[in-house]
Amino acid sequence: MFLLLDTLYPLTLALAVWMLIDAYRRQADPMWWWILLMSGGLGAWVYFFVVKLPDFAGGRFPRFGPRPPSLDELRYRAEQTPTLTSRLEYAQGLIDRGQHAEALAPLEAALKQEPEHGQVLYALALCHTEQGHPDRALPLLDAVLRRDRGWGDYSAFRLKVAARAQGGDSPGALEAARELSRLSPTMQHRCLLAERLIAEGLVDEAREFLDESLEAHRFAPGPVRRRDRRWANRARQLRRRHDKDFKGARKA
């Protein structure tokens, strides 16, 4: 019995730390912070099975807890109580379902209520980009980035790169990707820069940059390597996919 307790205690402690980090990264509902911090090791196990485990199964595990509101319910709330929050929640529900054109109306109404709201500006920019109108998205993203260049864990900056590329401004997209990689040199942003370098035909520079990035990943602390494992795999895929281009650039 004591041997079992000695084994479970460090395991539960490690799980609790892991789940706290996960809750911070995914900006979990405040309810989960109370569960994790106030219920000891039991809360960590509950969080793991309810929130974290579905990540490993591509969502095949059922989620427990309150049922998320339906789109009809979100629409009703936005119509009956047209607050900034209700309109934004309705628009986000539409965006989650790929209905970007339909999300524009509640977002534009929300923007009139609070013209400098970062989430509203970003969601509008996303919808315009998805609709093939990067020229409308870029001014909105610039407004977000003027206030906070790292807004949304750099999601606005990443969308700026995509919008510039979509609008045919390849040099501008490359410039933005370089700046993003300098501001936040994660493997995700390094892969984004490598992709833009390849798109511009700078394959030799891209190969050298990917090699440097993968070497930095190899010697990074364990938590950083685990966080960036997906993007390190992406970097290796880029190297393999464009290996002929890399070799051709060297011969030229």
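These figures come from a predicted structure and were not determined experimentally.

Considerations on the environment of leucine 107
- Within the fold, leucine 107 resides in helix H6 (residues 100-113).
- On the basis of relative accessible area, leucine 107 is assigned to the buried category, the value being 0%.
- Each residue touching leucine 107, except ones within four places of it in the same chain, is listed here: Leu88, Ala91, Ile95, Val120, Ala123, Leu124 and Cys127.

Thoughts on the nonpolar core
- The biggest cluster of nonpolar side chains holds 55 residues, and the ones touching the most others in it are Ile95, Ala103, Leu107, Val120, Leu124, Leu141 and Ala156.
- In terms of residue count, the dominant contributor to this core is helix H7 (residues 118-130) (eight residues).
- Leucine 124 has contacts with Leu104, Leu107, Glu108, Leu111 and Leu140, leaving out every residue within four places of it along the chain.

Considerations on the packing of helix H8 (residues 134-147) against helix H9 (residues 151-166)
- Contact geometry of H8 with H9 gives a least axis separation of 9 Å together with a crossing angle of 150°. Relative to H9, the element H8 is oriented roughly antiparallel. The two elements H8 and H9 cross, and the hand of that crossing is left-handed. Packed against H8, whose contacting residues are Pro134, Leu138, Leu141, Asp142, Val144 and Leu145, the element H9 presents Trp151, Ala156, Phe157, Leu159, Lys160, Ala163, Arg164 and Gln166 at the interface.
- A class-by-class count of the residues in the contact of H8 with H9 yields ten nonpolar, one polar and three charged.

Concerning the pattern of salt bridges
- Scanning the model with the defined rule gives ten salt bridges in all.
- Among the salt bridges present, the one from arginine 75 reaches aspartate 72, with a minimum N-O distance of 2.6 Å. With arginine 75 and aspartate 72 both in helix H4 (residues 71-80), this residue pair falls three residues apart, about one helical turn.
- Judged by relative accessible area, which is 53%, aspartate 72 ranks as exposed.
- Between glutamate 195 and arginine 234 there is a salt bridge, with the nearest N and O atoms lying 2.5 Å from each other. On the criterion of sequence distance, the pair formed by glutamate 195 in helix H11 (residues 187-199) and arginine 234 in helix H14 (residues 229-241) is long-range, its members being 39 residues apart.
- Each of Arg207, Asp211 and Arg239 takes part in salt bridges that share partners, so that together they form one network.

Observations concerning the confidence of the model for the chain
- Summing up the model confidence of the chain, the mean pLDDT is 85 and the portion of residues at 70 or higher is 85%.
- Confidence drops under a pLDDT of 50 for residues 1-6, and excluding neighbours within four residues, the segment shows zero contacts in the predicted structure.
- Note on residues 57-62: pLDDT under 50 across the span, and three contacts to partners over four residues away in sequence or across chains.

Some thoughts on the environment of glycine 172
- With respect to the helices, strands and loops of the structure, glycine 172 is situated in helix H10 (residues 170-183).
- The exposure class assigned to glycine 172 is buried, which follows from its relative accessible area of 4%.
- Along the chain, glycine 172 and valine 161 lie eleven residues apart, while their C-alpha atoms are 7.8 Å from each other.

Focus: the packing of aromatic side chains
- The tally for this structure, following the rule as stated, stands at two aromatic pairs.
- Ring centres 6.1 Å apart and planes at 50° place the aromatic pair tryptophan 18 and phenylalanine 48 in the tilted group. You can see tryptophan 18 sitting in helix H1 (residues 2-25) and its partner phenylalanine 48 sitting in helix H3 (residues 41-56), a full 30 residues away along the chain.
- Cation over ring: lysine 160 sits above phenylalanine 157, and NZ or CZ is 5.5 Å from the ring centre.

Some points on H6
- Between the first and last C-alpha of H6 there are 20 Å, a value that for 14 residues agrees with the 20 Å anticipated at 1.5 Å per step.
- A maximum bend of about 25° is found in H6 at proline 106.
- All of the buried residues along H6 are His100, Ala103, Leu104, Pro106, Leu107, Ala110 and Leu111.
- The secondary structure elements touched by the buried residues of H6 are helix H5 (84-96) and H7.

Quick look at the packing of H5 against H7
- Interaxial distance between H5 and H7 falls to 11 Å at its minimum, and their mutual angle equals 30°. Between H5 and H7, the interaxial angle falls into the category roughly parallel. Every pair of crossing elements has a handedness; the one defined by H5 and H7 is left-handed. Contacts from Leu84, Leu88, Gln92 and Ile95 of H5 reach H7 at Gln119, Val120, Ala123, Leu126 and Cys127.
- Its residues assigned to classes, the contact of H5 with H7 shows seven nonpolar, two polar and no charged.

Here is what the cut-offs are and how they apply
Residues numbered from 1 in each chain as written. Predicted model: local features only at pLDDT ≥ 70, side-chain atom pairs only at ≥ 80, totals over all residues. Heavy atoms only, no water. Helix = DSSP H or I, 4+ residues; strand = E, 2+ residues; numbered from the N terminus. Buried < 20%, exposed > 50% of the residue type's maximum accessible area, 1.4 Å probe, protein only. Contact = heavy atoms within 4.5 Å. Core = buried A, V, L, I, M, F, W, Y, C linked by side-chain atoms within 4.5 Å. Axes fitted to C-alpha atoms, helices over the stretch in contact; angles between N-to-C directions. Parallel < 35°, antiparallel > 145°, perpendicular 65-115°, else oblique. Left-handed = near helix turned anticlockwise from the far one by under 90°. Nonpolar A, V, L, I, M, F, W, Y, C, P; charged D, E, K, R; others polar. Salt bridge = Lys/Arg side-chain N within 4 Å of Asp/Glu carboxyl O. pLDDT = per-residue confidence, 0-100. Phe/Tyr/Trp six-rings, centres within 6.5 Å; stacked < 30°, edge-to-face > 60°. Lys NZ or Arg CZ within 6 Å of the ring centre and 35° of its normal. Expected span 1.5 Å × (residues − 1). Bend = angle between axes of the 7 residues up to and from the residue.

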